[in-house]
Amino acid sequence: MLQYVSNKGGSPPVDFETAILDGYAPDGGLYVPSQMPKVSKEQLAAWKDLSFVELAFEILSLFIDRSIISETELKQLLQDAYAPFEKEEVIPLHRLSSKKDTYVMELFYGPTLSFKDVGLAFLVNLVNFFLQRKNERLTLMVATTGDTGPATAYFTAGKSNLDAWVLYPKGLITEEQERQMTTLPHSNIHPVGVSNCPDGGDDLDVIISSYYADARFKEKLKLSSVNSINWGRIMMQTVHYFYGYFQMTDTIGERVHMAVPSGGFGNLCAGALAREMGLPITTLIAANNKNACLHRIFSKGFFSKEAIHATASSAIDILIPINFWRYLYFACGRKPELIKKHWDEFEQTGNTRFDDQTFKNYAEGFRSHSASDEETYKTIRQIYEAEGYLLDPHAAVAVSALETFRSELGDGKMICLATAHPAKFPDIVKAVLKKHNLPEQATHTSIEKAKKAQEKMYHFEHVDAKEALYQTMETHWDQIRKKQP
Ligand SMILES: Cc1ncc(COP(=O)(O)O)c(C=O)c1O
């Protein structure tokens with residue numbers, strides 16, 4: 001049976017179901033499969049024409065034992081997860097006519113218009129499936145920079161065995177993103193706006209981590225998470241790299257470069273693991289905005305936390321790319337002691353430097369770039385003026401990064417991952433295009449609907465949030481337990 005171990009090495013191996021329901025490993029590490037499945041060239045060729053859902057079934061079957069989820073159950077979970085997506089292909093590829101061999105992977109056709117839907121549609125269904133089978137209830141907690149929150153809330157809404165507490169830095173996400181969370185009427189969804197967060201969304205992760213560290217609270221409320229610390233997110237996100245590659249190429253082995261707007265490194269970690277499994281992606285480009293933690297890691301071998309900047313690509317205003325620790329485990333020969341040493345050092349001092357060999361091992365096949373807001377705006381404007389195609393600010397960060405390396409990378413297909421729909425960022429679109437009225441591509445009926453709906457949320461100041469939310473959550477839990485002992 002395929003087991004899951006902590007990348008810090010301090011917890012016993014567990015099965016797939018436990019890894020998914022626990023979120024973090026008990027030693028505070030991230031779960032990773034004890035062996036990475038390998039996919040041969042022949043297998044890749046045989047998968048080339050599968051639909052997204054069929055391909056997901058094949059890839060996920062490499063990570064999940066049939067004794068845990070049967071073939072029929074897995075197929076059903078996947079079909080249910082992707083039925084609400086707007087496009088039949090789930091994630092279509094759009095060819096840019098003004099750039100050579102360049103495609104945009106449109107990951108934003110799920111119900112809340114960002115790539116988070118792709119991972120969470122499946123993961124939340126899966127978690128609820130496990131809980132129904134065990135007749136148990138869980139409390140999900142996620143911190144969001146604007147997209148994980150809406151997707152978690154949407155997919156958890158009305159699920160019988162789950163509550164979701166969704167924390168967001170009030171004032172640092174767009175009104176559209178906020179309304180996607182606060183206008184769901186379901187009683188198991190609890191949006192929590194936290195004002196005056198000095199380090200943005202990262203401050204909310206600190207609150208959540210402190211609850212996890214409180215054994216009584218964690219056990220009583222059965223805390224878990226579906227953010228990208230959860231293995232299920234990373235596993236599901238490997239699928240779009242395979243799918244994108246197959247859409248692009250006639251021959252397995254053809255050169256393909258992919259640029260990914262990155263914050264927590266969950267999406268790119270999945271890309272790196274797809275490559276580790278055998279998908280021949282030539283280059284992965286970590287596209288940062290001015291918050292350039294990944295750029296420092298990949299260009300200097302230095303992982304450091306610096307002051308946060310509010311940027312136009314606000315969903316990647318993230319200081320700590322936590323999934324880098326998961327990727328490093330694979331890139332450096334599965335040495336938990338190495339991960340623990342650097343991770344502990346980073347937590348204690350706010351930085352850590354990698355030796356030359358470690359840097360070489362993890363940076364191979366990667367490039368990185370930190371795009372300024374001016375670059376992001378210029379990219380949006382250029383592509384829109386050249387061909388009438390509208391990028392959201394995050395996709396524009398990826399396109400900017402790709403342009404930086406285009407000549408150095410030489411030939412091959414270029415894919416930019418578009419992680420959000422422009423309708424989530426109307427003010428930026430208006431300002432950049434200098435238009436009073438939004439182009440149709442920057443509107444969406446679901447956003448219009450959310451603008452008219454009634455809002456509900458909790459609201460705390462950052463200084464009080466940890467204590468006040470703790471009490472609110474416990475009171476809520478006691479009330480549901482009274483109704484459903
Ligand atoms: C629109 C968008 N793009 C990119 C990212 C970064 O993804 P990751 O945290 O997996 O690097 C996020 C979320 O954090 C996002 O919401």
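Because the structure is a prediction, the values reported are computed rather than measured.

## Comments concerning the packing of helix H5 (residues 116-134) against helix H10 (residues 231-248)
Stage number 1. The interhelical angle for the contact between H5 and H10, taken along N-to-C directions, is 135°, at an axis separation of 8 Å. Put simply, H5 runs oblique to H10. The two elements H5 and H10 meet at a crossing, and its hand is right-handed. In this structure, H5 uses Val118, Gly119, Phe122, Leu123 and Leu126 to contact H10, whose residues at the interface are Gly232, Arg233, Met236, Gln237 and His240.

## Focus on the environment of Val118
Stage number 1. Considering the arrangement of structural elements, one finds Val118 in helix H5.
Stage number 2. Given 28 C-beta atoms within a 10 Å radius, Val118 is considered buried.
Stage number 3. A sequence separation of 175 residues divides Val118 from Cys293, and the C-alpha atoms of the two residues are 25 Å apart.
Stage number 4. Every residue in contact with Val118, bar those within four places of it in the chain, is listed here: Ile91, Leu107, Gly110, Met236, Gln237 and His240.

## Considerations on the site of the ligand
Stage number 1. The immediate surroundings of the ligand are formed by 18 residues, with Asp147, Gly264, Gly266, Ala315 and Thr419 found nearest.
Stage number 2. With 3 residues, the single largest contributor to the shell around the ligand is helix H11 (residues 266-277).
Stage number 3. Residues belonging to the shell around the ligand are distributed by class as follows: 6 nonpolar, 11 polar and 1 charged.

## Let's talk about the sheet that holds strand S9 (residues 256-261)
Stage number 1. One open sheet accounts for 6 strands, arranged S3-S4-S14-S9-S10-S13; its pairing is mixed. Of all strands in the sheet, those with a lone pairing partner are strand S3 (93-95) and strand S13 (366-370), marking the two edges. Taking each pair of neighbouring strands and ignoring which way they run, the sheet shows an average axis angle of 25°.
Stage number 2. Where S9 and strand S10 (residues 283-288) come together, 5 bridges link them in parallel fashion.

## A look at the nonpolar core
Stage number 1. Residues Ala259, Val260, Ala398, Cys416 and Leu417 are the most contacted members of the largest nonpolar core, which totals 146 residues.
Stage number 2. Ranked by the residues each element gives to this core, the list is headed by H10, at 9 residues.
Stage number 3. Beyond its immediate sequence surroundings of up to four residues, Ala259 is in contact with Ile285, Ala287, Ala398, Ala401, Leu402, Cys416 and Leu417.

Calculation notes
Residues numbered from 1 in each chain as written. Predicted model: local features only at pLDDT ≥ 70, side-chain atom pairs only at ≥ 80, totals over all residues. Axes fitted to C-alpha atoms, helices over the stretch in contact; angles between N-to-C directions. Helix = DSSP H or I, 4+ residues; strand = E, 2+ residues; numbered from the N terminus. Parallel < 35°, antiparallel > 145°, perpendicular 65-115°, else oblique. Left-handed = near helix turned anticlockwise from the far one by under 90°. Contact = placed C-beta atoms within 7 Å. Buried ≥ 20, exposed ≤ 12 C-beta atoms within 10 Å, placed from the backbone. Near = placed C-beta within 6 Å. Nonpolar A, V, L, I, M, F, W, Y, C, P; charged D, E, K, R; others polar. Pairing = 2+ DSSP bridges. Core = buried A, V, L, I, M, F, W, Y, C linked by C-beta atoms within 7 Å.

By themselves, these observations are geometric and do not establish any function.
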